[in-house]
Amino acid sequence: MDRIFFSVNGVGVNVGSEVSSTTTLLVFLRDHLGLRGTKYMCLEGGCGACMVSVIKYPGASVEAVNSCLVSVTSCQGWEITTIEKLGNRLTGYHPLQTTLAENNGSQCGYCSPGFVMSMYSSLQNRKLTMLEIEKSLGSNICRCTGYRPILDAFKNFASDAPKPDLPDIEDLKICKKNGEECNKDKCDESDWCFVSDDEVMAYRCIPLCDGRLWYIVQDISDIFNILREKGDGSYMLVAGNTAKGVYPRDEYPRILIDISRLRSLKGCILDQNLVVGAGNTLTETMQILNNVSNQQYFGYLKIIVEHMELIAHIPVRNIGTIAGNLMIKHNHPEFSSDIFLLLNSVGAQIIIVTSPVHSKTVSMEGFLKENMRGKIILNVMFPPLNNQYKLVTKKIMPRAQNAHAMVNAGFLYKLSPDNKVQDCRIVYGGLSPTFSRATKTEKFLKNRKLFVNETLSEAIKVLSNEMVVTEDPPNPSVAYRRQLAIALFYKCLLYLCPPAILNPRYVSGATDLKQNRGVSKGRQEYVSDPSLYPLNEPIQKVDALIQCAGEASYTEDLPCLPHEVYAAFALTTVPLGTIKSIDASYALKYPGVIAFLTAKDIPGTNSFTPAGSRFYETNEELLCSGEVKYFNQPFGIIVAKTQHIANVAVKLVSITYYTNDKLPVIDVKLAKKDPNRVTLFRSTDATNPGNDVATKIKGNHTIRGQYHFCLETLVCVSRPSEEGLSTYPASQWMDGVQWSISRLLNINKNRIDVKIRRLGGTFGIKISRSNQIALACSLVAYKLNRPCRFIQSLRTNMRAVGKRLSCNTDFEIAVNNQGVIQFINEDMYEDDGYITNEPLIQFAADSHSNCYDKSKWNLKAYNVVTDTPSNTWCRSPGSLEAIAMAETFMERITYALSLDPIDVRLTNISPEIKNDVIEMVNIIKEKSMYTKRKAEIEKFNAENRWKKQGKGVALMQWLVTGVSTLDVNLSVYHGDGTVAIAHGGIELGQAINTKAVQICAYFLKIPIDKVQIKANDTTINPNGFITGGSTASQSVGLGVQRCCEMLLKNLEPIRAKMDNPTWQELILEAFNAGVDLQTHSHVNDNDAINYSVLGCTVAQVTVDVLTGQWEFDQVDLIEDVGQSVSPRMDIGQIEGAFTMGVGYHTIEELVYDKATGENLTDRTWNYKVPQARDIARDSRIYLRKKPMGPNLYLGAKATGEPATCMAVAVPFAIREAFTSARQESGIPSTEWYQIDGPYTVENICMAAATDVNDFKFY
């Protein structure tokens, strides 16, 4: 029987009928080969965690691919390298791994293997500049670091890096036989090449275990033969399979034909036209076009290549094909295909094979009308265009890279010497499924002089009238896309307009901010005291290297056990109602489904929150037992043989409801109007209001939710044990998991063992929401008496799980003429979701005045319930909303009175911290050259109509209250004096283990490498509190300090008898003397110290007024971290927190169906977080030098969350920029334009209030 042969890390492997059509390379590597260093999250090519390196055939280039997209049966002849082979503890680590670790580029570590493999693949083929390295990482997401240290690490390998002291990665190959550095002069590679070129091309038919047939064909005629024999009712031509990253696919057609090796679909021919094989990957196509662009009549291809660099990212372009992209457009006309747009823009044609002996040539518009059943796209023909033709293309995205177009456009003009239009093509994407060519506008422009104001204004009218734009949520509004389409038309003409004609103030409107961005840079300033080392020493994270090598183990990396099952939630499909009946019979008949569980199968309490505990007032149902509270609420659990089967089968469960016509209330702004949904949490009155009231400012402001977007999703593995259960959850709260399982299953807590090594990022979602997964997983294991693995998909995470609380505020601000607040009336409404449970509003109420004089503040803080999932902890919960509101009040005063934003803030600063804040503000003003830059911005804005700059300021007082209750156990081994620590905190990227090691080594005066942190479990660390709120690191540090002091006290009598012993000698003697070498400490509420973290940020941006796009030019941020235990770790936390905050305020937009409450932004395809090219081009982070934090915590302060709050400076900078644009439209700066939610490109563009009548050349 035919099989697929390839190699993984130099070892030959093969697959055949034992795999299914849905078995990806990722699944094969992890589950079949046990290579779990390759991670995953989105399973659609959007996050980069699953990256591996491949050579597709002998002699081919090394390429990175998303293993989650690649069918394992597509790997015939491939040579695959995973992170395990690149470098490891046995053979030594690769320079990319060590450099990333040394540069603090790995925090939680879950994304690190993917980054390393992406960079490795890119550097294998040619030398890259620093700018090219930054651009190459659009394939990868990191939620922890803020990207700066990752970029700094990898830019060391650039050809233009200053003082390169690292090996040339292009020359440092990995031997495929032994994994060591390859010396080709002494190596015969023929003995490892398992697959010959003939074998790669051999025809094959493989029946897969799910009933599909997988074919590998040698010739196009094979395809027609297969379709004639098997029928064309259910088939798919497979090349890169990247389409599933755009339109997710649960199941594949019956016939799957791998055409990725068809030579007739590859390569190119240059005659009168450039004929490019439609089976070329996008990467191959770009290489072809780039080479041919030097030929006469084909110079325009360079522009196409530049645009193609914005399509997805490099690994997707490495496998996605021209034909594949076009077929997505053909099957989904609403898809804003850049390939279709580019081809249509230049008048390209497609050759389609209709039978073994017939073909036809069609236009791009004709292709969309063609019935493609049983037909094959053979070639694409690019026409020759002389120098009279001018091509301009545009693509507007929500972020710099790896995003589909909100609107894209291509413009081709054939101009006479006097700039008359002889011919033109105007093409759009992203407006509607039916509109792509502006033919009426094209006709209008012919024979007219192009660069004349009258021609421009009339053409805009024609374009506006013929344009068809339709609603397509969650894509931007019709109004914005219509405005944007006209603006792109104008931008193109500004680009083409001769300088002698164009008004100098309009010139900048032609440029694209993101495409013109240069190399980023970062600077971090802090002071450390060598006399305290290793305390206060800027060291590498202790786990960083094994994280970068894929050797660090996470929950889902646990090996599978025999008879293990997988589980997934079945979700409701109405927002409100009562369950009438549930029928799982169809799902249970699906091959591979084992069981279905509902609330009736729960032996104990149907709740995943421990009601009556410190932070949980009530129960939240694990499985809906009757009344549906929100759209996509879990009501059942499917158990199956694989995760994929479980995920498919949940959609087959039939459920009926008793419903009414009542619409869900999903917006806190609406919910607060219903008194039944609102509960007063706290009311405080101003103690010192003033009466010098010159101006009153009234308003309402709303900030929205945010998905946590940790790369490791919610996951748990539960296994029956002789005591009861062993559970391995991805959780920040071991005790909460143990407690909740005990209640759910009605068994004693001491029968439940919870074990955690580390987490792949959390940001709060794994405090209580992880309980839901852990309990469901444990229920299955308990009921079936089989090991269970519950890996919640990203889409279910985003749909069924709560997020950051939305917040709405009604306010009235009274000030005098100098901007001094006389009083503020603030009514704050926090959106809890469908139930008020976690008391996050307390943090908001405590922080409501930020760093300003609270004696002027009247506050009413309300909990509000909406028909959405219960919202939950998210980095700096409550305090972020409160500080953002307080800073917005300062901005309102600034604009109302036309005052400087820093002056307004300092005028109203709280007296208790005034001196400290002024000191930090003065530092940041000097470091950022605030006054100089202010003048430069004013000059820039005066000289430019269509680009505007702005700066924003934010101050912060972040309150730290409480402490994490936990245990610390310290053990010393007599044989070598090494130390092991087991503590109750959870390592989730914040370097809690690194700080514990530094503190231990400092007090015991031993090397850091003698200290090892062990995994956590509820036997050694029972009853522990949440690792969250940035306090766990301090609690662990305090516990370690106490353990060390206790140990030293025990050792003192032995030491006194010895003559200056070494540590190892002292420990051995103590052991022989019967001294207990294990100590224990307990940290609890009695150790709590309340203090505050202060910060100040100045941000600067440039805004493209025409499109709403913006560039983050610079940030200067200073934070008071006390005396840092580990400065580099704290810098990393600040940068990561700030970047997450920037995403929240600018890019990350949650869009819901108002009629159902369904989350429409539930994937990496439509929910975007910042990437490497979205961070500040010039980032400057400063740790305040002087102050000490609480002595109890060795002078250190919390750092994991506060900086998130200072990111509000960025939307303020954007506001200053678009306010300048509004002034040019005749709108005074004192007129406030309200933006609720993030400052997306849409909101920015619409705020600029640009009038198309102002579109002119002169």
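Reading the values: the criteria
Sequence order as written defines residue numbering, which begins from 1 separately in each chain. Residues qualify for local features only when their pLDDT is at least 70, as the model is predicted, and side-chain atom pairs are given and counted only at 80 or more; totals for whole chains, interfaces and linings, by contrast, use all residues. Processing note: side-chain calculations cover all non-hydrogen atoms of the structure and skip hydrogens and water entirely. Cavities and pockets are found on a 1 Å grid laid over the protein atoms alone: a cavity is a set of points where a 1.4 Å probe fits but cannot escape, a pocket is an open set with protein on both sides within 12 Å along at least five of seven lines, and a lining residue has an atom within 4 Å of such a point. Grid points are joined across faces, edges and corners, and a volume is the space filled by probe spheres set on the points. When residues are sorted by character, Ala, Val, Leu, Ile, Met, Phe, Trp, Tyr, Cys and Pro go into the nonpolar class, Asp, Glu, Lys and Arg into the charged class, and all the rest, Gly among them, into the polar class. Note on geometry: axes are C-alpha line fits, over the in-contact stretch for helices, and angles between N-to-C directions span 0 to 180 degrees. Where helices and strands are cited, they refer to DSSP runs of H or I of at least four residues and of E of at least two residues respectively, numbered from the N terminus. Roughly parallel covers angles under 35 degrees, roughly antiparallel covers those over 145, roughly perpendicular covers 65 to 115, and oblique covers all other angles. If you view the pair so one helix is near and one far, a crossing is left-handed when the near helix is turned anticlockwise from the far one by less than a right angle, and right-handed when it is turned clockwise. In what follows, a contact means two residues having at least one pair of non-hydrogen atoms within 4.5 Å. Between buried and exposed lies partly exposed: a residue is buried under 20% and exposed over 50% of the maximum accessible area for its type, with that area taken using a 1.4 Å probe on protein chains only. When DSSP finds two or more bridges between a pair of strands, those strands are recorded as paired. Identification of polar contacts relies on pairs of N or O atoms within 3.5 Å, with a donor-acceptor requirement for protein atoms, meaning one able to donate a hydrogen and the other able to accept it, and with residues adjacent in sequence counted only if both atoms are side-chain atoms.

Novice: Just checking my understanding: could you explain empty space enclosed by the protein for this structure?
Specialist: Where empty space is left becomes clear once a probe the size of a water molecule has been rolled over the atoms. In total, this model carries 15 cavities of 30 Å³ or more according to the counting rule given. The computed volume of the largest cavity comes to approximately 350 Å³. Per-class residue counts for the lining of the largest cavity are 11 nonpolar, seven polar and six charged.

Novice: Before we go on, may I ask you to explain the packing of helix H30 (residues 992–1004) against helix H31 (residues 1032–1056) in this structure?
Specialist: Angle between the axes and distance between the axes are the two parameters that describe a pair of packed helices. At a minimum axis separation of 9 Å, H30 and H31 run at an interaxial angle of 25 degrees. Taken as axis vectors, H30 and H31 run roughly parallel relative to one another. Crossing of H30 against H31: the hand is right-handed. Residues Ile-992, Lys-995, Ala-996, Ile-999, Cys-1000, Phe-1003 and Leu-1004 of H30 pack against Ala-1032, Ser-1033, Val-1036, Gly-1037, Val-1040, Gln-1041, Cys-1044, Glu-1045, Leu-1047 and Leu-1048 of H31. Here the contact of H30 with H31 is composed, by residue class, of 12 nonpolar, three polar and two charged.

Novice: Before we go on, may I ask you to explain the pairing of strand S14 (residues 376–382) in this structure?
Specialist: For a regular strand, the rule is simple: side chains alternate between the two faces of the sheet. Taking burial as the measure, the seven residues of S14 include seven buried ones, the bulk of the element. Relative to S14, strand S11 (residues 274–277) runs antiparallel, the two sharing four bridges. Opposite Val-275, over in S14, you have Met-381 as the bridge partner.

Novice: How should the sheet that holds strand S17 (residues 421–429) be read in this particular structure?
Specialist: Strand pairing in a sheet takes place through backbone hydrogen bonds and is either antiparallel or parallel in direction. Spatially, the three strands line up as an open sheet ordered S15-S16-S17, and their pairing is antiparallel. The outermost strands of the open sheet, each flanked by one partner alone, are strand S15 (389–396) and S17. Mean inter-strand twist for the sheet, computed between neighbouring axes without regard to direction, equals 10 degrees. Here eight bridges tie S15 to strand S16 (residues 407–415), and the two strands are oriented antiparallel to one another. Looking at S16, one finds that Ile-396 is bridged to Val-407. Helix H17 (residues 478–496) contacts S15, S16 and S17 of the sheet and is inclined by roughly 35 degrees relative to S16.

Novice: When you look at the environment of Arg-1177 in this model, what are you seeing that I'm missing?
Specialist: Relative to the assigned elements, Arg-1177 resides in the loop between helix H33 (1127–1146) and strand S42 (1178–1183). Owing to a relative accessible area of 29%, Arg-1177 belongs among the partly exposed residues under this scheme. Sequence separation between Arg-1177 and Tyr-554 is 623 residues, and the spatial gap between their C-alpha atoms is 33 Å. A polar contact of 3.0 Å, which involves the side chain of Arg-1177, links it to the side chain of Asp-1113.

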